[in-house]
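# Working through the structure, step by step
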Amino acid sequence: MAELNTVIQNIFRMTVVTVSFMLSGCDGIVCSLGGGDSCLSAGGEYDRMGNPGRAAKYYESGCGSGNAEACYLAGIYWSDGGNVHADYSLAADLLQKGCKTGHGGSCRIYGEIMRDRFGDHLKAAGAFDRACRLRDYDGCNDLGGFFRNGFVTAPDDATAMNVYDLGCRNGNGASCFLLAGMHEERDMSELAFSFYDKSCTLNYGEGCNRMGSAEIQKENGTPGAMYFFRKSCELGVGEGCFNLAEIYYGSTEYRDFAEALVNYTRACRLKHGHSCHMLGDISLRGEDFSGAGEKFLHNPEIARTYLEQACDLGDADACSDLGGIHYEGAVIRKNPEEARRFFWRSCTSGSSYGCVRIGDIYRDGIGVNADEPNAVRYYGMACDMDNGTGCHNLARVYMGENYADRKAEDAYRLAQKSCSLDYAPGCRAVGDIFDKGIGRGLDVVLADKYYDVACNMRDGTACFYLGVAYYIGRGVPQNFDGARAYVALACELGEAQGCTGLGLIYLNGRGVDTDYGQAIKYISMGCSLRDRDACNNLGVMYERGNGVEQDIERAKEFYRSGCDFGSVESCFAFDDLNSREQAVGEDGDGVQKHLSGADAEKTQTAGPETHEKKIPAPEVLTSKGQNYADVKKAGKGGKSGKGRKVAVKSLNPSEEQPAAVSDGSAETASIQEKHKKDTDYPTKPEVSH
């Protein structure tokens, strides 16, 4: 019986198809005899059967027979591809015929082709005007845009508003939305939102989304906002779905992670780039949507798919994230070439951060040959977007030896701009220019003023510089308490050299009692933050047993770390200890046995002053515009000794110090006031002179 039913169903389907072909065949015969309506009907049959190319041919024939709807449908097929090769000239001819026959939609699409494909604004305006008069109110909206933007005549907002009002009064939601926007621009909020509300009532999704955005600003307005966002989403507006998801994701009262996920997904499917970006972030991190601590969706491959979709939709930040993923290699295989490609896409999509990152790649030669001209190009693009990091990095390139002689003024201008954009390393760079006399006179007083501005903005390196200045009395009165306060602040802000310097102060007993425990604590913090000199200092202390129990193996560990971080002295010390151990052989007497008598005596008697001579203070890195945080990211091989050094190599007040050139008051009278901010970072030390 079941087999009989299947046979009957197949016979029925074949009969329907046969009848359809017979009907289309009849229509085709009539169409060939000049029947426009029959051509339209035959084209419709082929359209329903999934043969748009043949349908377009019948529509074209119907248009030739004077059927305006056939002209419209043929024009649509030939203009948007419709599974046939687009031919905008043919489409324009067909649509113009439909327009002359009185079909408003044909006039509007013809106008759009004239505007967008052929740049003929005059013909486009005429077509939109005729469409509007034929009551195609989307054509009225296009016409209003022409009046508003002055494509044919001078901008005429009054006429544009009249045209939008005509469409709105005749039930076109988009017209109401556009009219509302013009009223809002004129601070006529009450009238504007009456039109937004009407556009939403007419099922124009953008109007509903705008109403939701207004409701969310009101006290207890979240329920109303959710209603409008939900309706906008249902009407196919991705932004509405996204805004609804944001409420579910971020609010306390209405939090529902499952609903958030559903609406982000809807928005992403509606080509809302930032929603795809959010899904990528969620998949990358893994989120607790169960409420019971269970994480799911942690899938780097899915994350990459969503982020790529967001990037393709123009979300520049998603492109940057993809660049970072490929650059870091933490969740997928490291791929510098892909990193560069995505940072480039981010940059060209308007993300200044992407421009900075690709500039870094060219500056440092990551996956490419180092290319300063390209680095300059991308840093310049970022700086033009008012990115303080881009201005700072470009200033650092110009401060380098390849450019300093001919780009000193540009370096100063860029560093000043970076500082004015509240980027602390930019203020420090200005200080470095005065400290080193790049393109202008040496002025350590003015340098310290800019370091003070940068320190107030949480730049640990600048705080360390000030600590050194107070320690040696460079440009300011010597003050050990002030020095200790500034290097302690630098350490709290994560500046490795600040921690090392604070340890040296305790080690050498400058302004405080010598305290080996505190010295070891802070120098160890410096080493853990990858300061090579800190590791070397610890190696010396453990090798000699100064302030700690002698431990050759620990000494070797610290020397090895110092060597990894770029200390040549540590490398030699590590190799030296290894060679001595090999020389000992099986005697088992340790390294001490093989020290010379003088060296052994030093090991037993060395005190703080010996350490002060032996252990240099950390040198300060600003090579190629990097602050120490950049070096920490760089990992193994980040060397803190290249680039700017303070005026002295060690925290030793007895060494020669440069004299201050001026008090800097003329140029910096308002610097500190301009950059003064309330912050939650450790309190800046008060230093009494």
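An account of the accompanying structure is given in this report. These numbers come from a predicted model, not from an experiment. The residue count restarts for each chain, going from 1 along the sequence in the order it is written. Given that this is a predicted model, residues contribute local features only at a pLDDT of at least 70 and side-chain atom pairs are listed and counted only at 80 or more, while totals for whole chains, interfaces and linings are drawn from all residues. With hydrogens and water set aside, each side-chain value is computed from the structure's full complement of heavy atoms.

### Describing the packing of aromatic side chains
As a reminder of what qualifies: Ring pairs are drawn from Phe, Tyr and Trp, using the six-membered ring of Trp, whenever the two centres fall within 6.5 Å, and their geometry is named by plane angle: stacked under 30 degrees, edge-to-face over 60, tilted for the rest. Secondary structure is summarised from DSSP: a helix means a run of H or I of at least four residues, a strand means a run of E of at least two, and numbering begins at the N terminus for each. Buried, partly exposed and exposed residues are distinguished by accessible area as a fraction of the type maximum, computed with a 1.4 Å probe on protein chains only: under 20%, between the cut-offs, and over 50%, respectively.
Counted under the stated rule, the structure contains 20 aromatic pairs. Measuring from ring centre to ring centre gives 5.9 Å for Tyr412 and Phe434, while their planes differ by 90°; the resulting arrangement is edge-to-face. Taken together, the residues Tyr412 in helix H23 (residues 404–420) and Phe434 in helix H24 (residues 424–436) connect sequence positions 22 residues apart. On the basis of relative accessible area, Tyr412 is assigned to the buried category, the value being 12%. Owing to a relative accessible area of 4%, Phe434 belongs among the buried residues under this scheme.

### A short note on the nonpolar core
Stated precisely, the cut-off is as follows: Here, the term nonpolar core denotes a set of buried Ala, Val, Leu, Ile, Met, Phe, Trp, Tyr and Cys residues that are joined through side-chain atoms within 4.5 Å. Residues are treated as being in contact if the distance between any of their heavy atoms lies within 4.5 Å.
Formed by 87 residues in total, the largest nonpolar core has its most connected members in Tyr398, Phe434, Cys455 and Tyr559. Counting residues per element, this core draws most heavily on helix H26 (residues 460–472), which supplies 10 residues. Excluding its chain neighbours within four sequence positions, the residues that come into contact with Tyr559 are Cys535, Asn536, Gly539, Val540, Glu543, Ser570, Ala573, Phe574 and Leu577. Of all hydrophobic cores here, the second largest spans 32 residues; its members include Cys63, Leu95, Met114 and Cys132.

### A look at the state of the cysteines
Should the sulfur atoms of two cysteines be covalently bonded, the bond is a disulfide. In plain terms, the rule: A pair of cysteine sulfur atoms is labelled a disulfide when the two atoms are within 2.5 Å.
In the structure shown here, the tally under the stated rule is 15 disulfides. What pairs with Cys491 in a disulfide is Cys499, and their sulfur atoms sit 2.1 Å apart. Between Cys491 and Cys499 the sulfur-sulfur dihedral comes to about 90°; the bridge is accordingly right-handed. Residue Cys491 shares its accessibility class with Cys499, and that shared class is buried. Note on cysteine connectivity: Cys563 is disulfide-linked to Cys571, with sulfurs 2.0 Å apart. Its S-S torsion of approximately 95° makes the covalent link between Cys563 and Cys571 right-handed. A residue is classified by how much of its surface remains accessible, and Cys563, at 26% relative accessible area, is partly exposed. Residue classification places Cys571 among the partly exposed residues on the basis of a relative accessible area of 22%.

### Details of helix H25 (residues 444–456)
To keep things clear, this is the line we draw: Multiplying 1.5 Å by the residue count of a helix minus one yields the expected span of that helix. Each polar contact in these results corresponds to two N or O atoms within 3.5 Å; when the atoms are within protein, one needs to be able to donate a hydrogen and the other to accept it, and residues that are neighboring in sequence are counted only if both atoms are side-chain atoms.
Taking 1.5 Å per residue as the helical rise, H25 with its 13 residues ought to reach 18 Å, and the 18 Å between its terminal C-alpha atoms agrees with that figure. Among the 13 residues in H25, 11 count as buried, and that is most of the element. Listing the buried residues of H25 in full gives Val444, Val445, Leu446, Ala447, Asp448, Tyr450, Tyr451, Asp452, Val453, Ala454 and Cys455. In this structure Asp443 caps H25, since a side-chain oxygen of it lies 3.3 Å from the backbone nitrogen of Val445.

### Some points on the environment of Ala462
Its place among the elements puts Ala462 in helix H26. When the C-alpha atoms of Ala462 and Ala429 are compared, they prove to be 9.5 Å apart, with 33 residues separating the residues in sequence.

### Re the environment of Tyr522
Mapped onto the elements of the fold, Tyr522 is located in helix H29 (residues 516–528). Linking Tyr522 and Gln497, residues 25 residues apart in sequence, is a C-alpha distance of 9.8 Å. The contact partners of Tyr522, leaving out residues within four places of it in the chain, are Cys491, Cys499, Thr500, Leu502, Gly503 and Tyr506.

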